[in-house]
Amino acid sequence: MQITDVRVRKVAKEGKMKAVVSITIDDEFVVHDIKVIEGEKGMFIAMPSRKSTDGEYRDIAHPINSDTRDRIQTIILEKYEQAMAEDVEAAM
């Protein structure tokens with residue numbers, strides 16, 4: 001599995017959610033609404049989720065193992081940092 005595209009949409013309002021990301025896998029499958037969140041221990045991703053009838057949020061799509069989650073998170077956070085750096089350069 002290869003992440004072949006990452007699209008970062010920065011969130012304009014203040015808060016813990018910093019961006020919403022879409023990834024393309026193997027140029028064939030897209031996952032939308034992955035959130036980049038700033039937590040107490042640093043940045044992390046949250047997979048797309050839906051609120052169930054009992055009020056709990058459940059992931060709609062997610063990696064099956066931690067190695068895959070780590071790989072996806074690393075790629076997304078690298079792209080997010082690049083997008084932030086480009087914004088800083090453009091503002092100068």
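In this text, all values refer to a predicted model and were calculated from it rather than measured experimentally.

A. Structural view of the overall build of the protein chain. Looking only at helices and strands, one finds one helix and six strands in the protein chain. Starting at the N terminus and ending at the C terminus, the protein chain contains elements arranged as β-β-β-β-β-β-α. With the C-alpha coordinates aligned to their principal axes, the bounding extent of the protein chain is approximately 45 × 30 × 20 Å. Within the protein chain, the proportion of its 92 residues that are buried is 25%. Of the contacts formed within the protein chain by residues at least 6 apart in sequence, a portion of 27% connects residues at least 24 apart.

B. View of the environment of serine 22. Examined against the element boundaries, serine 22 turns out to sit in strand β2 (residues 17–25). The class for serine 22 is buried, based on a relative accessible area of 8%. Within the structure, serine 22 has its side chain in polar contact with the side chain of arginine 9 (distance 3.3 Å). At 2.8 Å, the side chain of serine 22 and the side chain of histidine 32 are in polar contact.

C. The arrangement of the nonpolar core in detail. If you look at the biggest cluster of nonpolar residues, it comprises 15 residues, and the most contacted ones within it are Val21, Ile23, Ile34, Val36, Ile45 and Ile76. For this core, the secondary-structure elements that each account for two or more residues are β1 (3–10), β2, β3 (29–39) and α1 (66–91). Apart from residues lying up to four places away in sequence, isoleucine 45 is in contact with Ile34, Lys35, Arg69, Ile72, Gln73, Ile76 and Leu77.

Each value, and the rule that gives it
Residues numbered from 1 in each chain as written. Predicted model: local features only at pLDDT ≥ 70, side-chain atom pairs only at ≥ 80, totals over all residues. Heavy atoms only, no water. Helix = DSSP H or I, 4+ residues; strand = E, 2+ residues; numbered from the N terminus. Buried < 20%, exposed > 50% of the residue type's maximum accessible area, 1.4 Å probe, protein only. Contact = heavy atoms within 4.5 Å. Polar contact = N/O pair within 3.5 Å; in protein donor to acceptor, adjacent residues only side chain to side chain. Core = buried A, V, L, I, M, F, W, Y, C linked by side-chain atoms within 4.5 Å.

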